[in-house]
Amino acid sequence: MKDLIIDMILNGEVITDSHPQIYTTGAYLVPLKVNVNKNEKYVGVVSRFNDDSYNDGEVCSPHIISDSVNNLI
């Protein structure tokens, strides 16, 4: 199972926090702090996937980090 926090650390980036972690059907969500026009905001991002994922009804293996949108699946 891939984990966003581990991927970001390996890529030399820092995630501000990994808690609270929310589980939704098939995915774990964590808060990510971003600056928008010099204002701190938080967004929920998927930190890892669990169980089967689907794309157009087909089972797929999503990735949480990629060099392109097309390589996310």
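Residues numbered from 1 in each chain as written. Predicted model: local features only at pLDDT ≥ 70, side-chain atom pairs only at ≥ 80, totals over all residues. Heavy atoms only, no water.

Asks: Run through the side chain of Ser53, naming residues and quoting values.
Replies: By secondary structure assignment, the location of Ser53 is in strand β4 (residues 53–55). The exposure class of Ser53 is buried, given its relative accessible area of 13%. (Helix = DSSP H or I, 4+ residues; strand = E, 2+ residues; numbered from the N terminus. Buried < 20%, exposed > 50% of the residue type's maximum accessible area, 1.4 Å probe, protein only.)

Asks: If you had to explain the pattern of salt bridges to someone new, which residues and values would you point to?
Replies: Within this structure, the stated rule accounts for one salt bridge. Close ionic contact of Glu40 with Lys33 constitutes a salt bridge, the shortest N to O distance being 3.6 Å. A relative accessible area of 32% means that Lys33 is categorised as partly exposed. (Salt bridge = Lys/Arg side-chain N within 4 Å of Asp/Glu carboxyl O.)

Asks: Go over the environment of Gln21 with me, naming the residues and quoting the values.
Replies: Looking at the secondary structure, you find Gln21 in the loop between α1 (4–10) and β1 (22–24). In sequence terms Gln21 and Val45 are 24 residues apart; their C-alpha atoms lie 9.8 Å from each other. Filtering out sequence-adjacent residues up to four positions away, Gln21 remains in contact with Tyr28, Leu29, Val30, Ser47 and Arg48. (Contact = heavy atoms within 4.5 Å.)

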